[in-house]
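Chain by chain, the residues:
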Amino acid sequence: MNSLNFGYSLKNIPKSTNKDYLIRIINMTEKFLIRARWKAFFYLNPDCKPTNKDTFGFKSSKPTPHIKELDHFETEIYNLLTNIRFESFTNQLQTKMRNNVKDIKNDDKLLVKADKTTNFYKLSTSQYRELIEQNITKDYKKAPPDLAKSITTKDITIAKSLNLDTRIEVLAQKEAFITLKDHKPNFNNKPSCRLINPTKSNIGVISKQLLDNINTKLLQHIKVNIWKNSYSVINWFENIKNKSSKSFITFDICNFYPSITEDLLHKALSFASHFTNIPTEHQEIILHSKKSILISNGEQWTKKHDSNFDVTMGSYDGAETCQLIGIYLLNLLTTEMNIECNLGLYRDDGLIVCEGTPRHIEQNKKQICNFFRKFNLSITIEANKKIVNFLDVTFNLTNQSYKPYTKPGNTILYVHKQSDHPPAVLKNIPENINKRLSSLSSNEEEFNTTIQPYQEALSNSGYDYKLKYNPTPKPNNNNKNRNRNILWYNPPFSSTVKTKIGKKFLQIIDKCFPPSNQLSKIFNRKTIKISYSCMPNMKNIIDGSNHHKLKTTHTPTTATKLNDKQCNCKQPSHCPLNGKCLYKDVIYQATVTRHDNNSSHSYIGLCSTTFKTRFNNHKASFLHADKANSTQLSRHIWNLKDTNTKFSLKWNILKICKSYSNLTNRCNLCNYEKYIILKHPELSSLNRRNELSTTCRHKHKFLLAHVTDAS
């Protein structure tokens, strides 16, 4: 197993192609214009107030209304995108990343990330599948064929009860993957892995918010230490009195997420119900969100010993579930076990400080082990420690200090100054690093003893910045900021873009919404803000390359998934696409040529069905006058027919690409059509320019409301 370290952070962003940038900015602009239309609609129609129901963050699937008051604004935005200009841009890091990307794509091996270090390991697809199969079969068994259908059926029931079935998508069956635990002993001879299951029901989003509310109310009644970050642990440590006379006990709950059983969660919810009201339907949602399946090579797997109940790594409500279990366990540990210690928990990592003789502390250690064993939770535990490494901090009871900590073998890497990040992000990186290291240091002396590797990493990343101890004062939580209704525009940043997108966008706001405009109250520089987003980084590129290699080895079909039969026309010579009318997921062009002056107009359309199906719909709109306004193409055809102008019609395919999938949450079909209309107007003279703000119609078939067969 060959180790690979790129020598730079995989958060670095390589230079993107002009086409990729334009497709991304079209997508981000579409999202912004949709939000702007809805905001204008409710402002102009105060009687049509938005629903007061709790949507849990799920967005409406309704098509956006056309707002004529925004036509001028949308035209200006379209012109801005049309006139984007590019320039050449390169540097030493960009050249290195470009070469690395070429090597990654040309190599048939996968790059598998280490779990807690910056290393990558080259594996063949067969080696990878063997490792993932070993980790799956250890805890999982083949699932019944109707398991996914039963989960989806229950999803539909819950979504309908909350009136959210038109907003929530069906379960996305994503392939499980692994990361390598190269920090474990004997890794080279017996590699251990962390199995990640990304298949998760969207009901988990609802469960996450319900559990968060339960945990918040629970912590108001029960005084236990459930830490959320390093700073809360530091605050706990600073409040310990007589530190030098005490000792640490540290423990780690092994495989905490998958070790949580349905019975343990029931007990935790029952315990929480004594302090806050938890309706039966809420408990049902929380428990159902743990019903999961694991997908590997297209096959369904489920847990061996606990039906299909599973708290998976990466699940929407996994952290909140662990927090609830943690509150329950800590409360029992401090009350029933009568352990006189100051203890706390961060997910699966626990830290305890005790006062007493080494023998007394060892007795506490045994009690703790026995306590967790009752819940079938195994732990690793160490006692009588004066110095411990917890999260990213080293705590010292002897000299009452703390300082930053990094795991052995982990290389410190920061985003390079030559990365294609927005300048504001790169400018703030050194200051934020200095601020964090200062916050993790108890005094200047501890700061100075630990900053050398961080300073070297910062210098290697191209920053001319001297780290200096500068503790920030604790924030005043009494200051209350008023929530503002801000509409954000997040165009991607690229150093290859010569056009000043942000400046021109704000000028458009001033131009289209002067004080005299009726929408100026909701659309102005105070209510519309711009913040650059980022293009894909190196990690995204590696993940995409791995996915492509695994997919092509698993299913040796073409990416377009063409039908075996490409044409079913009775007379192949009359096929509108020369024998390709059964192609799916296509962007097509129709060219109408007048016979009187040989002038031509073109129309661009798309279809996720076969082209033949879409072609028949077009034919119907050409024949029936009541369908004349179906498309811009049919309008043009009827205008020619009304003037008795003879014409000819030619069809051809411009692009084949995938329509929307809930696996990627992206519709390449819609995005590429908008790109062609924007960048090649000569190919789409009949298309309207406001198609940038139309929503993707291909999402609808994935909504629970439109699932007729839950399989």
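The rules behind each value
- Residues numbered from 1 in each chain as written.
- Predicted model: local features only at pLDDT ≥ 70, side-chain atom pairs only at ≥ 80, totals over all residues.
- Heavy atoms only, no water.
- Helix = DSSP H or I, 4+ residues; strand = E, 2+ residues; numbered from the N terminus.
- Buried < 20%, exposed > 50% of the residue type's maximum accessible area, 1.4 Å probe, protein only.
- Core = buried A, V, L, I, M, F, W, Y, C linked by side-chain atoms within 4.5 Å.
- Contact = heavy atoms within 4.5 Å.
- Salt bridge = Lys/Arg side-chain N within 4 Å of Asp/Glu carboxyl O.
- Axes fitted to C-alpha atoms, helices over the stretch in contact; angles between N-to-C directions.
- Parallel < 35°, antiparallel > 145°, perpendicular 65-115°, else oblique.
- Left-handed = near helix turned anticlockwise from the far one by under 90°.
- Nonpolar A, V, L, I, M, F, W, Y, C, P; charged D, E, K, R; others polar.
- Patch = residues over 30% accessible without salt bridge, like charges linked within 9 Å, V, L, I, M, F, W, Y side chains within 5 Å.
- Areas by Shrake-Rupley, 256 points an atom, 1.4 Å probe, with all protein chains shown as cover.
- Lys, Arg positive; Asp, Glu negative; His and termini not counted.
- Charge placed at Lys NZ, Arg CZ, Asp CG, Glu CD.
- Polar contact = N/O pair within 3.5 Å; in protein donor to acceptor, adjacent residues only side chain to side chain.
- Pairing = 2+ DSSP bridges.
- 1 Å grid on protein atoms, 1.4 Å probe; cavity = no way out; pocket = protein on both sides within 12 Å on 5 of 7 lines; lining within 4 Å.
- Points joined across faces, edges and corners; volume = space filled by probe spheres on them.
- Arc of directions from axis to C-beta.

**Student:** For this particular structure, what's the right way to read the environment of Thr-357?
**Tutor:** Secondary-structure assignment places Thr-357 in the loop between β12 (349-355) and α12 (358-374). With relative accessibility at 48%, the residue Thr-357 sits in the partly exposed group. Considering only alpha carbons, one finds Thr-357 and Asn-225, 132 residues apart in sequence, at a separation of 24 Å.

**Student:** Would you explain the nonpolar core in this entry?
**Tutor:** Within soluble globular proteins, side chains that are nonpolar generally end up buried alongside one another. Ranked by internal contacts, the top residues of the largest apolar core, which has 109 residues, are Phe-73, Ile-206, Leu-324, Phe-372 and Phe-523. Looking at this core, the element that brings in the most residues is helix α1 (residues 18-44), giving 10 residues. Not counting chain neighbours up to four residues away, the residues in contact with Leu-324 comprise Leu-211, Ile-214, Asn-215, Leu-218, Leu-265, Ala-268, Leu-269 and Ala-272. One finds Leu-577, Tyr-588, Phe-611 and Ile-637 within the second-largest nonpolar core, a separate group that totals 21 residues.

**Student:** For this particular structure, what's the right way to read the pattern of salt bridges?
**Tutor:** Once the charged atoms of two side chains with opposite charge are near each other, the side chains can pair. The final tally for this structure, using the stated rule, is 20 salt bridges. Notably, a salt bridge pairs Asp-310 with Lys-303, separated by 3.4 Å at the nearest N-O pair.

**Student:** Explain the environment of Thr-398 to me, please; I cannot follow it from the model alone.
**Tutor:** Position of Thr-398 among the secondary structure elements: in the loop between β15 (393-396) and β16 (401-404). Residues Thr-398 and Asn-242, spaced 156 residues apart in sequence, show a C-alpha to C-alpha distance of 9.9 Å. Discounting chain neighbours no more than four positions away, the residues touching Thr-398 are Ser-244 and Lys-386.

**Student:** Can you walk me through the packing of helix α11 (residues 318-335) against α12 in this structure?
**Tutor:** Axis separation between α11 and α12 bottoms out at 11 Å; the angle between their running directions is 135 degrees. Between α11 and α12, the crossing angle belongs to the class labelled oblique. Crossing handedness for the pair α11 and α12: right-handed. Contact residues: α11 offers Leu-329, Leu-332 and Leu-333, while α12 offers Ile-368, Phe-371 and Phe-372. Grouping the constituent residues of the contact of α11 with α12 by class yields six nonpolar, no polar and no charged.

**Student:** What should I look at first to understand a positive patch on the surface in this one?
**Tutor:** Taken together, the side chains of Lys-31, Arg-35, Lys-59 and Lys-699 present a region of like positive charge at the surface. Looking at the secondary structure, you find Arg-35 in helix α1.

**Student:** Explain the side chain of Asn-12 here, please?
**Tutor:** With respect to the helices and strands, the residue Asn-12 is situated in the loop between β1 (2-4) and α1. Here the side chain of Asn-12 touches Ser-9 through a polar contact of 2.9 Å, landing on its backbone oxygen. A polar atom in the side chain of Asn-12 sits 2.7 Å from the backbone nitrogen of His-416. When residues no more than four places from it in sequence are discounted, the contact partners of Asn-12 are Leu-93, Met-97, Tyr-414, Val-415, His-416, Ser-419, His-421, Asn-537 and Met-538.

**Student:** Hey, could you run me through the sheet that holds β12 in this one?
**Tutor:** Pairing between sheet strands relies on hydrogen bonds along the backbone, with the strands arranged either parallel or antiparallel. Taken together, the five strands give an open sheet; going across it, the order is β7-β11-β12-β8-β13, and neighbouring strands pair in mixed fashion. Two strands in the sheet have a free side with no partner beyond their single neighbour: β7 (225-226) and β13 (379-385). Sheet topology note: the strand β8 (residues 246-253)/β13 ladder contains five bridges and is antiparallel. Counted as the bridge partner of Phe-251 is Ile-381 from β13. Most of the contacts of helix α7 (residues 230-238) go to β12, to which it runs at about 5 degrees, and overall it touches β7, β8, β11 (342-346) and β12. Against the sheet, α12 engages β8, β12 and β13, with an angle of about 165 degrees to β13.

**Student:** Mind showing me how you'd approach empty space enclosed by the protein here?
**Tutor:** To find leftover empty space, one rolls a probe the size of a water molecule over the atoms. Under the criterion given, the structure shown has two cavities of 30 Å³ or more. The calculated volume of the largest cavity comes to roughly 80 Å³. The wall of the largest cavity is formed by 14 residues, among which Lys-200, Ser-289, Asp-310, Thr-312 and Ser-315 lie closest to the centre. Its residues assigned to classes, the lining of the largest cavity comprises two nonpolar, seven polar and five charged.

**Student:** How should the pairing of strand β2 (residues 110-113) be read in this particular structure?
**Tutor:** Where a strand is regular, its side chains alternate between the two sheet faces. Relative to strand β3 (residues 120-123), β2 runs antiparallel, the two being bridged by four bridges. If you follow Val-112 over to β3, its bridge partner there is Tyr-121. Connecting β2 to the next strand, β3, in antiparallel fashion are six residues.

**Student:** Sorry, what's going on with helix α19 (residues 632-642) here?
**Tutor:** For an α-helix, the turn length of 3.6 residues means that residues three or four places apart are oriented alike. Taken as a whole, α19 has its buried residues at Leu-633, Ser-634, His-636, Ile-637, Trp-638 and Leu-640. In the core, the buried residues of α19 are packed alongside β19 (584-594), β20 (600-610), α18 (611-623) and β21 (647-656). A positive backbone phi angle near 55 degrees is found at Asn-644, which sits one or two residues after α19.

**Student:** Help me understand the pairing of β11 in this model?
**Tutor:** Of all five residues that make up β11, four are buried, and the element is covered over most of its length. Pairing of β7 with β11 involves two bridges; the strand directions are parallel. Bridge pairing links Ile-226 to Leu-345 in β11. By the bridge criterion, five bridges tie β11 to β12 in an arrangement that is antiparallel. From the neighbouring strand, Tyr-346 faces β12, where its bridge partner is Asp-349. Once β11 ends, the chain turns through two residues before running back antiparallel as β12, passing Arg-347 with a positive phi of about 55 degrees.

**Student:** I'm lost on α7 in this one. Help?
**Tutor:** The complete set of buried residues in α7 reads Ser-230, Val-233, Ile-234, Trp-236 and Phe-237. Along the axis of α7, the buried residues cluster in a sector spanning 160 degrees; they form a single face.

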